[in-house]
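Architecture and fold: a report
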Amino acid sequence: FFQEEQLSGYRCDSCQAVDTSKRRCGITRPPEHLMLALNRFSYSASGQQEKLDVHVSVDKQLALPMEGTDLLEGYALYAVVLHIGSSPHAGHYICVGRSSEDEEALWQRFD
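A brief structural summary. (Residues numbered from 1 in each chain as written. Predicted model: local features only at pLDDT ≥ 70, side-chain atom pairs only at ≥ 80, totals over all residues. Heavy atoms only, no water.)

Some points on the sheet that holds strand 7 (residues 79-87)
- With antiparallel pairing, 3 strands are arranged side by side in an open sheet as 7-8-9. Edge positions in the sheet fall to strand 7 and strand 9 (108-110), since each of these pairs with one other strand and no more. Ignoring strand direction, the axes of neighbouring strands in this sheet form an average angle of 25°.
- By the bridge criterion, 7 bridges tie strand 7 to strand 8 (residues 90-97) in an arrangement that is antiparallel. Each residue of the ladder has a partner; that of Ile 84, found in strand 8, is His 92. (Pairing = 2+ DSSP bridges. Helix = DSSP H or I, 4+ residues; strand = E, 2+ residues; numbered from the N terminus. Axes fitted to C-alpha atoms, helices over the stretch in contact; angles between N-to-C directions.)

What follows is the structure, given as structure tokens:
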């Protein structure tokens, strides 16, 4: 996410010129609560949406670098939203979470 990305075929909204450009994201002011979304769906060669059924390992702690400094902002995982179903067109979502104020709180399933 924080790595510089090359954008070939980028079109400028102002002058409509097409060229190669670069994009990079960074966090300058950390939010109190950080929400991340993992896109767990993709499109097949025929254009159909498919669910990605690959295990993703997530750490309970995350340290993010702050733009322009050597500081790291720490976050503790306290909720995960999961899609239960075999395809993007069937199933439902649940949340597994705990209190954001107490890292020792029990995890609960909200269905």
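Comments concerning the pairing of strand 8
- Hairpin connection of strand 7 to strand 8: 2 residues between the antiparallel strands.
- Relative to strand 9, strand 8 runs antiparallel, the two being bridged by 3 bridges. Directly across from Gly 97, in strand 9, lies its bridge partner Gln 108.

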